[in-house]
Amino acid sequence: MKILHIGPKIPFPLGDGGNIGIYSHIKCLKLAGFDIDFVGYTRDTNKNQAIEFYKDYCKLYFIDLYPKINVKVAIKSFFTKYPVNVYIYINKQMEDFVTDYLKNNKPDYVFINNIHMTWLVDTIRKYSDAPIILKEENFEAMIMKRFYKRTNNIILKLYSFIQYKKILKFEIEYANKVDNCFCVSEFDAEEIKKYNNNINATSQAVAIEIPDSLEIFEQEKYSLCHIGSLAWEPNYNSLLWFIDNVMPLLIKKFTDVKLYIYGNLANRNIKIPNDFKNNIEIVGFVDDIKKHALSKEVLVVPLQIGSGIRIKILEFLAWGAVIVSTDIGKEGIDIKDSEHLLIANTPQEFVDKISLVFENKINKQEITENAKIFIKNNYSFEAVAKLLNYVIKSVK
């Protein structure tokens, strides 16, 4: 059976959770027996490398566009029905491609990855009778709601509140236009249906690579790591919160504590107070993130704003990392405090939970073993692909 898969970007390289999530979905569809054509915006993608990487999973089609938000775009979008983070993806070349494709092909299903690309729904309906399935990586309105509530700047708070109302209206309208909405967690599915119970929202887990065996790395004493693309605003804001609110308390208790920051730095300004410049190292992107991260005692996920599932948490739980996360950070994953990871939401809670690890007051082996078993049972490609095949074929 044939699927046209429309995404906001070509998911390559697999350097961030967004790309990993799309890749995971494509691979599961292939394992379930589907033939996939994928079209997305290129951004800075190396086309030849991407084609080679995906040759066994799907055929790639490239639309040359790098969607970005700036002041001019924000103002223009303000006078349309589209929220700014949808408006930047509207593109005539993409619309023409989808039109021509559907005139010449008859896919059995059309997948749209993320609410940002649902502006194409009416075009798809015009040229195809195939069921449309929206793959929601996040409930975008929830992210914007959490952002405006935490923002102190009055102008930014007002603007983000308006955007929240706008994207909520748009997201609910278009989630109801498609035949089914696949959410990455039961939590997101239930939240969307609260606004319109007619929406067919289904929980569909993301799959990750499960290692056959685990590598053991010598760990640096009193070490922490933060991993994530700082191009995503919630990651950036949460890292600054951790540096400003948690690190001073940790340093008072553990003078040698050190935080390593990994991932796409996105030219962000990370201000480190002079008093503890030696306690924070900005590393950026590394080739072998597993080796670097697992050589640290604790992986911190201080996320304050977000929705969906943090794929990095799933991966590092599978690899045997000890994680201290906020409730929002582990949202959508049915894991429990002190059984699979450690939960902290306030600065003092982070200090207390990290101290348990540093002072060997918890059974780290038991926690990491519980986490590995949970991930293997629920997030392997085989398990997710089997369920995905069943759910897709039930969509009419």
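Above this text you will find the structure in question.
Criteria and thresholds
Residues numbered from 1 in each chain as written. Predicted model: local features only at pLDDT ≥ 70, side-chain atom pairs only at ≥ 80, totals over all residues. Heavy atoms only, no water. Helix = DSSP H or I, 4+ residues; strand = E, 2+ residues; numbered from the N terminus. Buried < 20%, exposed > 50% of the residue type's maximum accessible area, 1.4 Å probe, protein only. Areas by Shrake-Rupley, 256 points an atom, 1.4 Å probe, with all protein chains shown as cover. Lys, Arg positive; Asp, Glu negative; His and termini not counted. Charge placed at Lys NZ, Arg CZ, Asp CG, Glu CD. Pairing = 2+ DSSP bridges. Contact = heavy atoms within 4.5 Å. Axes fitted to C-alpha atoms, helices over the stretch in contact; angles between N-to-C directions. Parallel < 35°, antiparallel > 145°, perpendicular 65-115°, else oblique. Left-handed = near helix turned anticlockwise from the far one by under 90°. Salt bridge = Lys/Arg side-chain N within 4 Å of Asp/Glu carboxyl O. 1 Å grid on protein atoms, 1.4 Å probe; cavity = no way out; pocket = protein on both sides within 12 Å on 5 of 7 lines; lining within 4 Å. Points joined across faces, edges and corners; volume = space filled by probe spheres on them. Patch = residues over 30% accessible without salt bridge, like charges linked within 9 Å, V, L, I, M, F, W, Y side chains within 5 Å.

K.L.:
Got a sec to walk through the overall build of the protein? Specific residues and values, please.
P.N.:
If you tally the helices and strands in the protein, you get 15 helices and 13 strands. With respect to the principal axes defined by its C-alpha atoms, the protein has extents near 65 × 50 × 45 Å. In the protein, buried positions account for 55% of the 396 residues. Total accessible area on the protein stands at roughly 18,100 Å², and carbon and sulfur atoms take up 49% of it. Across the protein, 51 positive and 48 negative side-chain charges occur, with their mean positions spaced 5 Å apart.

K.L.:
Tell me about the sheet that holds strand S10 (residues 280–284), and name the residues and values.
P.N.:
Sheet architecture is open: 6 strands sit in the order S10-S9-S8-S11-S12-S13, paired in parallel fashion. In this open sheet, the two edge strands, each paired with only one partner strand, are S10 and strand S13 (342–343). As paired elements, strand S11 (residues 296–301) and strand S12 (residues 323–325) share 3 bridges and run parallel to each other. Across the sheet, the residue bridging to Val 301 is Ser 325, located in S12. Where helix H12 (residues 311–319) meets the sheet, it contacts strand S8 (220–227), S11 and S12, and its direction lies at approximately 155° from that of S12. Where helix H13 (residues 347–358) meets the sheet, its contacts fall on S8, S11, S12 and S13, and the angle it forms with S11 comes to roughly 160°.

K.L.:
Got a sec to walk through the packing of helix H10 (residues 233–253) against H13? Specific residues and values, please.
P.N.:
Each pair of packed helices can be summarised by the angle the axes make with each other and by the distance between the axes. Where H10 meets H13, the axes come as close as 9 Å, and the angle between the chain directions of the two elements is 50°. Taken together, H10 and H13 sit at an angle that is classed as oblique. The crossing of H10 and H13 is right-handed. Side by side, H10 and H13 meet where Trp 241, Phe 242, Asn 245, Val 246, Leu 249, Leu 250 and Lys 253 of the first sit next to Pro 347, Gln 348, Phe 350, Val 351, Ile 354 and Ser 355 of the second.

K.L.:
Can you break down the sheet that holds strand S3 (residues 59–63) residue by residue, with the values?
P.N.:
Read across the sheet, 7 strands follow the order S3-S2-S1-S4-S5-S6-S7 without closing on themselves; strand pairing throughout is parallel. Looking at which strands have only one partner, the edges of the open sheet turn out to be S3 and strand S7 (201–203). Going across the sheet, the axis of each strand differs from the next one's by a mean of 20°, ignoring polarity. Of the pairings in the sheet, the one linking strand S4 (residues 109–113) to strand S5 (residues 132–136) comprises 4 bridges and is parallel in character. Bridging from a neighbouring strand, Asn 113 pairs with Lys 135 of S5.

K.L.:
Which residues make up the pattern of salt bridges, and what values do they have?
P.N.:
Scanning the entire structure with this criterion turns up 20 salt bridges. Measuring nitrogen to oxygen at the nearest pair gives 3.6 Å for the salt bridge that ties Lys 135 to Glu 137. Since its relative accessible area comes to 2%, Lys 135 is described here as buried. Accessibility expressed as a relative area gives 12% for Glu 137, which makes it buried.

K.L.:
A description of unusual backbone geometry should follow, citing residues and the corresponding values.
P.N.:
Cis rather than trans, the peptide bond between Phe 12 and Pro 13 has omega equal to -5°. In this fold, Pro 13 is placed in the loop between strand S1 (2–6) and helix H1 (17–31). Even without a glycine there, the phi angle at Ala 266 is positive, about 55°. Tracing the backbone shows Ala 266 in the loop between strand S9 (258–262) and S10. Backbone geometry at Asn 267 places phi at a positive 55°, although glycine is not the residue there. Mapped onto the fold, Asn 267 is located in the loop between S9 and S10.

K.L.:
Residues and numbers for empty space enclosed by the protein, please.
P.N.:
For the coordinates displayed, the defined rule picks out 2 cavities of 30 Å³ or more. The computed volume of the largest cavity comes to approximately 50 Å³. Gly 21, Ser 24, His 25, Cys 28, Lys 135, Gln 204, Ala 205, Val 206, Ala 207, Val 384 and Leu 388 together form the lining of the largest cavity. Put simply, the parts of the chain that give the lining of the largest cavity at least two residues each are H1 and helix H15 (381–393). Ranked by residues supplied to the lining of the largest cavity, first place goes to H1 with 4 residues.

K.L.:
An account of a nonpolar patch on the surface is requested, with residue identities and associated values reported.
P.N.:
On the surface, a nonpolar cluster with roughly 460 Å² of combined accessible area is contributed by Val 71, Ile 75, Phe 78 and Phe 79. Looking at the secondary structure, you find Phe 79 in the loop between helix H3 (71–78) and helix H4 (84–87).

K.L.:
Help me get a handle on the pairing of S11, residues and values and all.
P.N.:
Across the 6 residues of S11, 6 count as buried, placing the element largely inside the fold. Pairing geometry for S8 and S11, over 3 bridges, is parallel. What sits directly across from Leu 224, in S11, is Val 298.

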